[in-house]
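What follows is the residue order along each chain.
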Amino acid sequence: MAKTVLIVGANRGLGLEFAKQYAADGCNVIATCRRPAEAAELRRVGVTIEALDTSTSSSIEALAKKLADESIDVMICNAGVYGPRSDGLTDMPTEDFDLVMRTNVLGPLRLTLAFAHNVARARGAMVFLSSRMGSIGTMSSSSGIAYRASKAALNAVVKATSLELGKKGVRVMALHPGWVRTDMGGPQASLTPTESVAGMRHVIENASDKHGGFFDNTGATIPW
Ligand SMILES: NC(=O)c1ccc[n+]([C@@H]2O[C@H](COP(=O)([O-])OP(=O)(O)OC[C@H]3O[C@@H](n4cnc5c(N)ncnc54)[C@H](OP(=O)(O)O)[C@@H]3O)[C@@H](O)[C@H]2O)c1
């Protein structure tokens, strides 16, 4: 039977590429975005499209209700924002910091709670797009401090999720996609979305760690 893959934030960038590759493999892809009417490229992929804004709990609850009976083999929490492009330790408007934390931390936590039973039913994988910039163990720069703080906090959500869902046979992981040429990564980045997503899909397929891991697109472990 075809695998069901839920991709959150799939109208552009890495989420769109995940949708393309899983659809090309014959998976049943449910792809979400904030504004389906504007998601022309995603519509061309020929997947099921659902509206979802991860910063709004009612939006998450509405989709969870709609998908209540689905078994989800792979759930990819991809939606994220970078926030202020700060250099060094600098202050920033509270609302800018809040938006980064709400999108990159609270959103994924709520998604986890909303779809845990769907992924547990399939004994599937729950995947979170984190970033090497959130690795405290390897941090060597203070740029993008809100983003770094949000991805470090996301990693704590991932680890806690793995402690809960690992017991139910769910593989839970944080992935760093590499530095990728998307709107967020910019044109100078070293990887194409195609290369990055192909690597991450391989990591997802082969990860056996049920207690949470933090990996890059080649499968190398990153220190939390
Ligand atoms: N590109 C890189 O080099 C890189 C490196 C490390 C980690 N990452 C991580 O990888 C993930 C994807 O990055 P990307 O490069 O593809 O970024 P991107 O091109 O900026 O795309 C971000 C995606 O997230 C969606 N999104 C943002 N806020 C949302 C919300 N509240 N609700 C629903 N969707 C929302 C966007 O939708 P809209 O179009 O509606 O805004 C868009 O689809 C992110 O979590 C990012 O932190 C990327």
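A brief structural summary. (Residues numbered from 1 in each chain as written. Predicted model: local features only at pLDDT ≥ 70, side-chain atom pairs only at ≥ 80, totals over all residues. Heavy atoms only, no water.)

1. Topic: unusual backbone geometry
- Positive phi, close to 45°, is recorded for Arg123, a residue that is not glycine.
- For Arg123, the location among the structural elements is in the loop between helix 4 (94-121) and strand 5 (125-129).
- Under the relative-accessibility criterion, Arg123 is labelled exposed at 56%. (Helix = DSSP H or I, 4+ residues; strand = E, 2+ residues; numbered from the N terminus. Buried < 20%, exposed > 50% of the residue type's maximum accessible area, 1.4 Å probe, protein only.)

2. Quick word on the site of the ligand
- As a matter of local geometry, the ligand sits amid 30 residues, with Asn11, Arg12, Arg34, Tyr147 and Thr182 nearest to it.
- The separation between an oxygen atom of the ligand and a polar main-chain atom of Asn78 is 2.8 Å.
- Gly80 is positioned such that a nitrogen or oxygen atom in its backbone is 3.4 Å from an oxygen atom of the ligand.
- For the ligand, the protein covers 95% of the area, taking 900 Å² as the surface of the free molecule. (Near = heavy atom within 4 Å. Polar contact = N/O pair within 3.5 Å; in protein donor to acceptor, adjacent residues only side chain to side chain. Areas by Shrake-Rupley, 256 points an atom, 1.4 Å probe, with all protein chains shown as cover.)

3. Some points on the state of the cysteines
- Under the defined criterion, the tally for this structure stands at zero disulfides.
- A disulfide-free cysteine, Cys27 has its sulfur positioned 17 Å from the sulfur of Cys77, the nearest such atom.
- Overall, the relative accessible area of 18% leaves Cys27 in the buried class.
- Here Cys33 stays unpaired: no disulfide links it, and the sulfur of Cys77, its closest cysteine neighbor, is 16 Å away.
- By relative accessible area, which is 2% here, Cys33 ends up buried. (Disulfide = S-S within 2.5 Å.)

4. Description of the packing of helix 1 (residues 13-24) against helix 6 (residues 193-206)
- Remark: helix 1 packs on helix 6, axes separated minimally by 9 Å, with the N-to-C direction vectors making an angle of 65°. Here helix 1 runs over helix 6; the crossing is right-handed. Along its contact with helix 1, which presents Leu14, Glu17, Phe18, Gln21 and Tyr22, the element helix 6 presents Pro193, Thr194, Ser196, Val197, Ala198, Met200, Arg201 and Ile204.
- Residue composition of the contact of helix 1 with helix 6, by class: eight nonpolar, three polar and two charged. (Axes fitted to C-alpha atoms, helices over the stretch in contact; angles between N-to-C directions. Left-handed = near helix turned anticlockwise from the far one by under 90°. Contact = heavy atoms within 4.5 Å. Nonpolar A, V, L, I, M, F, W, Y, C, P; charged D, E, K, R; others polar.)

5. Observations regarding the nonpolar core
- Of all hydrophobic cores here, the largest spans 30 residues; its most connected members are Phe18, Tyr22, Leu42, Ile76, Val127 and Ile204.
- When contributions to this core are tallied by element, the ones reaching two or more residues are strand 1 (4-8), helix 1, strand 2 (28-33), strand 4 (74-77), strand 5, strand 6 (171-176) and helix 6.
- The leading source of residues in this core is helix 1, at five residues.
- Aside from chain neighbours lying at most four places away, what touches Tyr22 is Val5, Ile7, Cys27, Val29, Val74, Ile76, Arg201 and Ile204.
- Within the second largest apolar cluster, 27 residues are counted, among which are Val8, Phe115, Ala174 and Phe214. (Core = buried A, V, L, I, M, F, W, Y, C linked by side-chain atoms within 4.5 Å.)

6. Comments concerning a nonpolar patch on the surface
- A cluster of nonpolar residues, Leu106, Leu109 and Leu113, forms a patch on the protein surface that exposes about 260 Å² of accessible area.
- Mapped onto the elements, Leu113 comes out in helix 4. (Patch = residues over 30% accessible without salt bridge, like charges linked within 9 Å, V, L, I, M, F, W, Y side chains within 5 Å. Salt bridge = Lys/Arg side-chain N within 4 Å of Asp/Glu carboxyl O.)

7. Some words on the environment of Leu113
- Owing to a relative accessible area of 64%, Leu113 belongs among the exposed residues under this scheme.
- Note: C-alpha distance between Leu113 and Glu61 (52 residues apart in sequence) is 9.9 Å.

8. Examining the pairing of strand 2
- Of all six residues that make up strand 2, five are buried, and the element is covered over most of its length.
- Examined bridge by bridge, strand 1 and strand 2 share five bridges and lie parallel to one another. Within strand 2, the residue paired with Val5 across the bridge is Val29.
- In terms of handedness, the path from strand 1 via helix 1 over to strand 2 forms a crossover that is right-handed.
- Looking at chain direction, strand 2 and strand 3 (residues 48-51) are connected through four bridges and run parallel. From the neighbouring strand, Thr32 faces strand 3, where its bridge partner is Glu50. (Pairing = 2+ DSSP bridges. Right-handed = clockwise from strand over helix to strand, strands pointing away.)

9. Quick word on the sheet that holds strand 7 (residues 213-216)
- Across the sheet, which stays open at both edges, the seven strands sit in the order 3-2-1-4-5-6-7 with parallel pairing between neighbours. Strands with a single pairing partner mark the edges of an open sheet, and in this sheet they are strand 3 and strand 7. For this sheet the average axis-to-axis angle between neighbouring strands, irrespective of direction, equals 20°.
- Across four bridges, strand 6 lies against strand 7 in parallel orientation. Its bridge partner lying in strand 7, Met173 is registered against Gly213.
- Contacting strand 5, strand 6 and strand 7, helix 5 (residues 145-165) runs over the sheet at an angle of about 160° to strand 6.

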